[in-house]
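Working through the structure, step by step
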Amino acid sequence: MAVLQKIRQRSLLLILVIGFSLLAFIVQDLYRKGGFDANPKNIGTVNGKDIAFEDFRVKVSNVEKSGQQGMTPTQAVNRVWDQEVAIALLTAEFDKLGIRTSEKHIMEVFKADQNIGQNPMFQTNGAFDLAKFKEYFKSNPEQAQFVKDKEKDAELNAKYQIYNSLVKGGMYTTDAEGKLKYEMEADKVNFDYVAVLFSSMKDTDFKITDAEITDYMKKNEKKYKAEETREVEYVLIEDKASPEDETEVKTTINALLNQRVVYNQATAKNDTLPGFKGAANTIDFVNENSDVPYDSTYVAKKDLPAEHADALFALPAGEIYGPYMKGNMYCISKVMGRKAGANAKASHILISYEGTQVPNKKEKRTKEQAKAKAEQLLAQVKANPGSFFMVAMMNSDDSSAQQGGDLGYFGPGQMVKPFNDFVFNNPVGTIGLVETDFGFHIINVTEKQDAIRLATIAQKIEPSEATTDKLYTKAVKFEMDANDKDFEKTAKAAGLTVNPSVKVKAMDEYFGSTGNQRQIVRWAFDKETKVGDVKRFEVVNLGNVIAKLKKVNEKGLTAIEEARPMVEPILIKKKKAEKIKAKLKGSSLQAMATASGVAVQQAVDLTVENANIPNAGFERQVVGTAFATGLNKVSAPIEGTVGVYVVKPTLITKAPALKNHADYVAKLKSQVGGYSGRVIPALKEEADIEDNRAKFNY
């Protein structure tokens, strides 16, 4: 009673303590979820321009509602992020250039929108009518917001079209560039040279320090810029069947073969049930006892499980084979029938004509011309069937021409009817002509396959409840032990394997061999997760993943151990070049060759575009230097791709002058045509972009 009395006296104090504890918990939760400015209010910034979280969230929701098949929530977030970054970068460019749009520009964008430009409500005589468009929204003011929302997108789209036109307009090719291209292809040079190849020295003789790698990366910072990443190692305890589970399924399948006696609770008597061998209705028996329903399809031998194909295909009708393994199932199969020529293989030569839906016609021709050509080729291949492959390759308008017209195996109904009927109604070796909507086909029936129909009872081998419980207990125990002990040693003691570390970025979804596991990536980037922390994740249809945060890589330069395989060969090559250049001294090529232990060699008729130096490789810089050095003069050492060179030009042959370089200008134009697509990546590279998506638990 005394204790109760004290509690009553101090009840106000207890209430205050509990209240403060709850408040502390709420405040802490607010900080963790972004309250009180613990997290930024914006999803990110681009060159100082904020991308508001609320607007971003609504756009992500709209993308998710659009229901694009296979798109995950993270993919929706990434798509909207890329769009918002591009819009911010481009809008800044529009403002710099003073790009403005008028109503005319916006209406052109509206016209291109199928929902507006092709809407009968806004058309007169099949054409978009601006007056009708305006009148409709004037008469329906409640719909005006729709236009306002559309106008923002249309204005942005119109500005981009103007901007893109300006960019493309700046990508022109001059006649002088065409002339240079011609000279690079046609001017020729002969030269004597000394080449000391980098391969003549061992890489192991040159040591590259971490400091040298870091220094090189700092000088090439853009190339070796790295995002913030986490390295996570993990153990996977799969939720898979035990040997006991496999035995149980096999026993169950075996029991279905013959009659069996089963106790009937409803009648309190034993019932004798038929087995698979004597079942009156095989199809019903399969559907009652199999995890996979009966399939009436005829199956070719090549499509049966490889290790059981011979036995199954040789089985007489009504006989049973099994049990046997197929994937993760135990099966027993009964042959229900056999069909000759169920699948066929054929080759064809397609001769199309104007008006057919064939994209890559080899030549233009009328239907009459196509028929005449097809009949001519038919006579040719009938006279010499062995020529079919080459005739198809040279003449067929179908994509199968590169395979000599071979279409592989196909079943009834997979080809258009006239083609299908010819193949399945004629024996192997028949060559003939049919017409379809694609044109005229010269067909060669090359092979046919028999097929069998199987009634298969298949039962999945799945972990039992006892097995699942055992695996769960093992996973929980390992998580607890690994939190206090060495991760790798604990795994080894438990008979488990630690998978190699997975490096993930903040917005990654895929995690090693476990597939899409966004939850693990989120945990790795959570500010509460510290290096060395261990956490277990239950993964549907897989099992338990026990992950350990091994390392945090901050934003900045690429980690040295990751950069070394890329940078080390570059620095070794530079050191080799310096050593080689130090030896390449002397008043003549012969003296330099002798000092370096190599021979003087000759290169003949090289061009800048065809710069393959004998016994070396493609060295455009070396050949270009030979043109610039001057006849009979010895160049300074040239660091090339595969070695260091000294050249002495002996003959320079200038190509004949051309009055017109249009062909060469056209070559260059085709190369620069797609350069406008590099604008946004280039703007991104130069931009200051802050990405806060991970901080909003996306």
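Here's what I pulled together on the structure shown here. (Residues numbered from 1 in each chain as written. Predicted model: local features only at pLDDT ≥ 70, side-chain atom pairs only at ≥ 80, totals over all residues. Heavy atoms only, no water.)

1. What to know about unusual backbone geometry
At the junction of G322 and P323, the peptide bond is cis and its omega measures out at 0° in the coordinates. Following the sequence through the fold, P323 ends up in strand β11 (residues 320-326). Phi angles above zero are rare outside glycine, and N615 is one such case at about 60°. Residue placement: N615 occurs in the loop between β21 (612-613) and β22 (617-618). (Helix = DSSP H or I, 4+ residues; strand = E, 2+ residues; numbered from the N terminus.)

2. Regarding the pattern of salt bridges
Per the counting criterion, the structure on display carries 35 salt bridges. Here K222 and E686 are joined by a salt bridge, their closest N and O atoms 2.4 Å apart. One end of the pair, K222, is in the loop between α10 (210-219) and β6 (225-226); the other, E686, is in helix α24 (residues 679-686), with 464 residues separating them in the sequence. Since its relative accessible area comes to 47%, K222 is described here as partly exposed. Its relative accessible area of 55% is what places E686 among the exposed residues. The residue E435 makes a salt bridge to K367 at a minimum N-O spacing of 3.0 Å. Placement of the pair is E435 in strand β14 (residues 431-436) and K367 in helix α14 (residues 367-383), with a sequence separation of 68 residues. Residue classification places E435 among the partly exposed positions, given a relative accessible area of 36%. For K367, a relative accessible area of 36% gives the class partly exposed. Several salt bridges converge on common partners, so that one network encompasses K181, E185, E609, R620 and K667. (Salt bridge = Lys/Arg side-chain N within 4 Å of Asp/Glu carboxyl O. Buried < 20%, exposed > 50% of the residue type's maximum accessible area, 1.4 Å probe, protein only.)

3. Remarks on the pairing of β14
As paired elements, β14 and strand β15 (residues 439-460) share 6 bridges and run antiparallel to each other. Each residue of the ladder has a partner; that of G432, found in β15, is I443. In this antiparallel pair of consecutive strands, β14 and β15, the connection spans 2 residues. (Pairing = 2+ DSSP bridges.)

4. Some details on α14
Spanning 17 residues, α14 covers 24 Å between terminal C-alpha atoms, matching the ideal 24 Å at 1.5 Å per step. For α14, the set of buried residues is A370, K373, A374, L377, L378 and V381. All buried residues of α14 fall inside an arc of 145° around its axis, so they share one side. Those residues of α14 that are exposed and aimed more than 90 degrees away from the buried face are E368, Q376, K382 and A383. (Expected span 1.5 Å × (residues − 1). Arc of directions from axis to C-beta.)

5. Thoughts on the environment of A655
Secondary-structure assignment places A655 in the loop between β24 (643-653) and α23 (662-672). The buried category is assigned to A655, whose relative accessible area is 19%. For the pair A655 and E462, spaced 193 residues apart in the sequence, the C-alpha separation amounts to 76 Å. Sequence-distant contacts of A655, defined by excluding residues within four places in its chain, comprise Y182, A186 and D187. (Contact = heavy atoms within 4.5 Å.)

6. Thoughts on the environment of G405
Checked against the element boundaries, G405 lands in the loop between α15 (388-395) and β13 (406-410). The exposure class assigned to G405 is buried, which follows from its relative accessible area of 0%. Separated by 57 residues in the primary sequence, G405 and H348 place their C-alpha atoms 4.9 Å from one another. Not counting residues up to four positions away in its chain, the partners in contact with G405 are A346, S347, H348, A392 and S400.

7. Regarding the environment of E375
Looking at the secondary structure, you find E375 in helix α14. What makes E375 partly exposed here is its relative accessible area of 40%. Sequence separation of E375 and T514 is 139 residues, and the distance between their C-alpha atoms is 58 Å.

8. A few points about the nonpolar core
A general tendency of soluble globular proteins is for nonpolar side chains to be buried together. Counting 24 residues, the largest nonpolar core has I43, F56, V60, Y163 and Y698 as its most contacted members. Those elements that place two or more of their residues in this core are β1 (42-46), α3 (53-65), α4 (73-97), α8 (144-169) and α24. With 9 residues, α4 is the largest single contributor of residues to this core. Once residues within four sequence positions are removed from consideration, Y698 is found in contact with I43, F53, F56, R57, V60, V77, M507, R518, R522 and R693. Ranked by size, the runner-up nonpolar core spans 22 residues in total, among them F198, M217, Y224 and L584. (Core = buried A, V, L, I, M, F, W, Y, C linked by side-chain atoms within 4.5 Å.)

9. Some words on the side chain of E479
Considering the arrangement of structural elements, one finds E479 in helix α17 (residues 465-484). Those residues in contact with E479 that sit more than four places away from it in its chain are V534, K535, R536 and I546.

10. Description of the packing of helix α9 (residues 175-186) against α23
Between α9 and α23, the least distance of the axes is 8 Å, while the angle of their chain directions is 100°. Taken together, the axes of α9 and α23 are roughly perpendicular relative to one another. Of the residues in α23, those in contact with D175, E177, G178, K181, Y182 and E185 of α9 are Y664, V665, K667, L668 and Q671. Classifying every residue of the contact of α9 with α23 gives 4 nonpolar, 2 polar and 5 charged. (Axes fitted to C-alpha atoms, helices over the stretch in contact; angles between N-to-C directions. Parallel < 35°, antiparallel > 145°, perpendicular 65-115°, else oblique. Nonpolar A, V, L, I, M, F, W, Y, C, P; charged D, E, K, R; others polar.)

11. A word on the sheet that holds strand β7 (residues 229-238)
What the 4 strands build is an open sheet, ordered β16-β7-β18-β17; its pairing is antiparallel. Both outer strands of the open sheet, β16 (498-505) and β17 (534-539), are each paired with one neighbouring strand and no more. Strand-to-strand twist across the sheet, computed as the mean angle between neighbouring axes with direction ignored, equals 35°. Direction of pairing for β17 relative to strand β18 (residues 543-553): antiparallel, over a ladder of 6 bridges. When the bridges of β18 are listed, K535 appears paired with A547. Sheet contacts for α17: β7, β17 and β18; angle to β17, the most-contacted strand, approximately 160°. Along the sheet, helix α19 (residues 518-525) makes contact with β7, β16, β17 and β18, crossing β17 at roughly 160°.

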